[in-house]
Amino acid sequence: MSRIFRAVILGPPGSGKGTISERIAQSFGLQHLSSGDFLRENIAAKTEAGVLAKTYIEKGLLVPDHVMTRLVLPRLEEITRHSWLLDGFPRTLAQAHALDIACDLDLVISLNVPFETLKERLSHRWIHPASGRVYNKGFNPPRVKGVDDITGEPLIQHEDDKPMALVARLRHYKDVAKPVIDLYKSKGILHTFSDTETDRIWPYISTLFSTKIPMHQADTHYAPSH
Ligand SMILES: Nc1ccn([C@@H]2O[C@H](COP(=O)(O)OP(=O)(O)OP(=O)(O)O)[C@@H](O)[C@H]2O)c(=O)n1
Ligand SMILES: Nc1nc2c(ncn2[C@@H]2O[C@H](COP(=O)(O)OP(=O)(O)O)[C@@H](O)[C@H]2O)c(=O)[nH]1
């Protein structure tokens with residue numbers, strides 16, 4: 001069994017972390033680990049961490065570092081045989097330090113997307129809450145307006161994707177993320193990609209991953225349908 005490969009994807013809300021993580025998972029066989037999904041699972045199961053986290057998320061606040069690390073790190077430590085890509089964690093320098101102690105990262109991707117583009121995308125983001133599937137009015141619309149392609153259940157919009165909450169959320173992200181980005185830059189594992197379109201960023205990310213890990217044997221490269 002070859003050594004497992006560990007990567008992190010960073011970027012502001014709406015920068016395409018979830019979308020790109022799915023493509024990486026599909027093309028290179030990495031497991032996509034989303035801290036947002038971990039949170040939602042814990043909230044649904046009413047675990048101690050989930051109940052606590054919910055009170056912050058409902059107010060549009062970041063969940064405190066000690067709650068996030070307690071939730072995420074044990075999940076990572078369980079994975080001993082499969083390469084992974086972590087999305088949504090670390091969000092703060094304290095989370096990055098905790099992750100650093102827990103494991104050695106091979107690669108960090110940072111997505112750099114202009115503010116106006118983020119605002120536009122997030123205001124059109126619709127989610128299937130049970131699965132976390134994400135749609136966008138123009139970019140990847142559901143087959144039938146307002147409902148999930150697979151289950152036919154209704155789609156919802158996150159409260160914090162609504163215009164009023166967005167600007168503050170994006171500003172806050174910038175302040176908190178800067179030291180995290182600087183840390184990975186200083187370690188020499190940071191790769192930054194800047195563009196307004198995921199489909200233009202993707203070929204560069206795909207090339208980067210191809211140089212680091214072999215293509216997932218079962219899949220071919222992800223080919224966007226548009
Ligand atoms: N390290 C983290 C990850 C998530 N969250 C909280 O969990 C919520 C949902 O997480 P996720 O699905 O990753 O966030 P989104 O709001 O969808 O953020 P993004 O737009 O970056 O995907 C976040 O808004 C935030 O309140 C947090 O506090 N700390
Ligand atoms: N118009 C447009 N929308 C995109 C693009 N890439 C992703 N999206 C959509 O933008 C929203 C945010 O993307 P997501 O992957 O959830 O970003 P995250 O918040 O960083 O995880 C979703 O509705 C995506 O479908 C793009 O290149 N163009």
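Residues numbered from 1 in each chain as written. Chains lettered and ligands numbered in written order. Predicted model: local features only at pLDDT ≥ 70, side-chain atom pairs only at ≥ 80, totals over all residues. Heavy atoms only, no water.

**A short note on the site of ligand 1**
So, point 1. Around ligand 1 sit 19 residues in total, of which Lys 17, Val 63, Gly 88, Arg 125 and Arg 169 are the nearest.
So, point 2. At 2.8 Å from an oxygen atom of ligand 1 is found a side-chain nitrogen or oxygen belonging to Lys 17.
So, point 3. Isolated, ligand 1 exposes 570 Å² of accessible area, and the fraction of that covered by the protein chains is 92%.
So, point 4. Of the residues forming the shell around ligand 1, the biggest block, four residues, is contributed by helix H2 (residues 35–44). (Near = heavy atom within 4 Å. Polar contact = N/O pair within 3.5 Å; in protein donor to acceptor, adjacent residues only side chain to side chain. Areas by Shrake-Rupley, 256 points an atom, 1.4 Å probe, with all protein chains shown as cover. Helix = DSSP H or I, 4+ residues; strand = E, 2+ residues; numbered from the N terminus.)

**Observations concerning the site of ligand 2**
So, point 1. Neighbouring residues of ligand 2: 17 residues in total, closest Gly 14, Lys 17, Thr 19, Arg 125 and Thr 198.
So, point 2. Within the side chain of Glu 197, one N or O atom sits 3.1 Å away from an oxygen atom of ligand 2.
So, point 3. Listing elements by their share of the shell around ligand 2, those giving two or more residues are helix H1 (17–28) and strand E6 (133–136).
So, point 4. Broken down by class, the residue content of the shell around ligand 2 amounts to five nonpolar, eight polar and four charged. (Nonpolar A, V, L, I, M, F, W, Y, C, P; charged D, E, K, R; others polar.)

**Looking at the UniProt feature "binding site: AMP" (unreviewed entry) in the chain**
So, point 1. The UniProt record annotates "binding site: AMP" (unreviewed entry) at Ser 35, Arg 40, Leu 61, Leu 62, Val 63, Gly 88, Phe 89, Pro 90, Arg 91, Gln 95 and Arg 169.
So, point 2. Relative to the assigned elements, Pro 90 resides in the loop between strand E3 (84–87) and helix H5 (93–102).
So, point 3. Judged by relative accessible area, Pro 90 falls into the buried class, the value being 4%.
So, point 4. Apart from residues lying up to four places away in sequence, Pro 90 is in contact with Val 8, Leu 10, Gln 95, Ala 96, Leu 99, Val 180 and Tyr 184.
So, point 5. We classify Gln 95 as buried; its relative accessible area is 3%.
So, point 6. Once you skip the residues sitting within four places of it in the chain, Gln 95 turns out to touch Val 63, Asp 65, Met 68, Thr 69, Phe 89 and Pro 90. (UniProt positions renumbered as here; feature names shortened; annotations may be inferred. Buried < 20%, exposed > 50% of the residue type's maximum accessible area, 1.4 Å probe, protein only. Contact = heavy atoms within 4.5 Å.)

**Concerning the UniProt feature "domain: Adenylate kinase active site lid" (unreviewed entry) in the chain**
So, point 1. Residues given the UniProt feature "domain: Adenylate kinase active site lid" (unreviewed entry) here are residues 125–160.
So, point 2. The span residues 125–160 is 0% helix and 22% strand, and its two end C-alpha atoms sit 11 Å from each other.

**Topic: the environment of Ile 24**
So, point 1. One can find Ile 24 in helix H1.
So, point 2. Residue classification places Ile 24 among the buried residues on the basis of a relative accessible area of 0%.
So, point 3. In this structure, the C-alpha to C-alpha distance between Ile 24 and Ile 150, residues 126 residues apart in sequence, is 21 Å.
So, point 4. Setting aside chain neighbours within four positions, we find Ile 24 in contact with Gly 29, Leu 30, Leu 85, Ile 109, Trp 202, Ile 205 and Phe 209.

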